[in-house]
Amino acid sequence: MFWKLFLYFGISIESLEKETDILHKKENRYTIAFYNLENFFDTKDDPYLLDDDFTPKGFKRWNKSKFWNKANKISRAISRIGLEESNHPPVLVGMAEVENKGGIKSLLRSKQLRDIDYGVIHFDSPDERGIDTALIYHKEHFEVLDAETIPLMVQNTNGDRDLTRDILYVHGKLHQEAIHVFVNHWPSRREGAEETSYKRIKAAETILQKIDAIQENRSNIIVMGDFNDDPNSQSIQTLMDTGKFINPMKKLLSPVSGSANYKGEWSLFDQILLSHSFLNYEKDTHSFIEAKIFSPRFLKEWKGKYKVNPFRTFAGKKYLGGYSDHFPVYIVLDESKK
């Protein structure tokens, strides 16, 4: 009887089975993302940080209206990451350029995210401007076992320490499978890419030292962040040359696509690297499916000279009211039940 109804409404058994299979796959797939939020400051002046620009009387005229506009926009973006591949919101989202835990909690109180049971991991870093890394995690899917910061000890050419961001390390369980996550925002290229390359190589070496100290066989490791280097840069190769990782982001960089655009050139500083253990496809494990840049139309400039670039919050002093100067990146994992 039911098959007659399907035929009556123009629905074949084959198409119904195909749709059911798609829904089943989406239910067992989960996304992990990284997003540089572009100067996500609160509006308060911290006397110990160089955050004066992002205050109501500062250079950016940063007030509560602008803050909440950005918070709601970022929340909208996060809530939509991976919806084409998964029935679930992202289970983990690494973040860069966040000032403090209070700002992140404001994100999570937004209309788009308030019904998702997200927790926050954040530590203040020695960065002079006060921009840190953080991780939000879906409590229904991820259990935190341990979290700490790993100081990045690098010097400037004058011998003084570069007060840059710490590396955030989180050890937890994704559906009972142990995972080690490193969230990064490596030193910038402000003084030149080659001149500062040694700092980012040191960051890679610091992560490898921590991995060597992890006393687990076949550890599941995720290294995500804004590395301020592209996939072929020496710092990323320092990680890749160990043979411990795959970099599914590498193929996403092209002359017409990336996660950020500077002076007309695309870059892919935002990346997520995975240990080979995510290629095992065994029962009750999480296996890598694909990697993507999340760049829907609402995250882009719609017209003019910078059309298709990320719709950013500021261009110099000019307030644009957008999201960020970076697109989020994400990976899709499948939890095998067979």
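Up top you'll find the structure we're talking about.
So, here's what we can say about the structure. (Residues numbered from 1 in each chain as written. Predicted model: local features only at pLDDT ≥ 70, side-chain atom pairs only at ≥ 80, totals over all residues. Heavy atoms only, no water.)

Regarding the packing of aromatic side chains
One pass over the structure, following the stated rule, counts 15 aromatic pairs. Ring plane angle 70° and centroid distance 6.3 Å describe the contact between F294 and F298, whose orientation is recorded as edge-to-face. Take F294 and F298: they sit in the same class, and that class is buried. By the ring-pair criterion, three or more aromatic residues cluster together here, those being F41, F54, W62, F314 and Y319. Above the plane of the ring of Y319 lies K66, whose end atom (NZ or CZ) is 4.7 Å from the centre. (Phe/Tyr/Trp six-rings, centres within 6.5 Å; stacked < 30°, edge-to-face > 60°. Buried < 20%, exposed > 50% of the residue type's maximum accessible area, 1.4 Å probe, protein only. Lys NZ or Arg CZ within 6 Å of the ring centre and 35° of its normal.)

A closer look at the sheet that holds strand β9 (residues 245-246)
Read across the sheet, six strands follow the order β5-β6-β7-β8-β12-β9 without closing on themselves; strand pairing throughout is mixed. At either end of the open sheet lies a strand with only one pairing partner, and these are β5 (142-150) and β9. Note that strand β7 (residues 177-185) and strand β8 (residues 221-226) share six bridges and pair parallel. By the bridge assignment for β8, F182 is matched with V223. (Pairing = 2+ DSSP bridges. Helix = DSSP H or I, 4+ residues; strand = E, 2+ residues; numbered from the N terminus.)

Thoughts on unusual backbone geometry
The phi torsion at N39 lies on the positive side, around 55°, for a residue other than glycine. For N39, the position within the fold is in strand β1 (residues 29-40). With relative accessibility at 16%, the residue N39 sits in the buried group.

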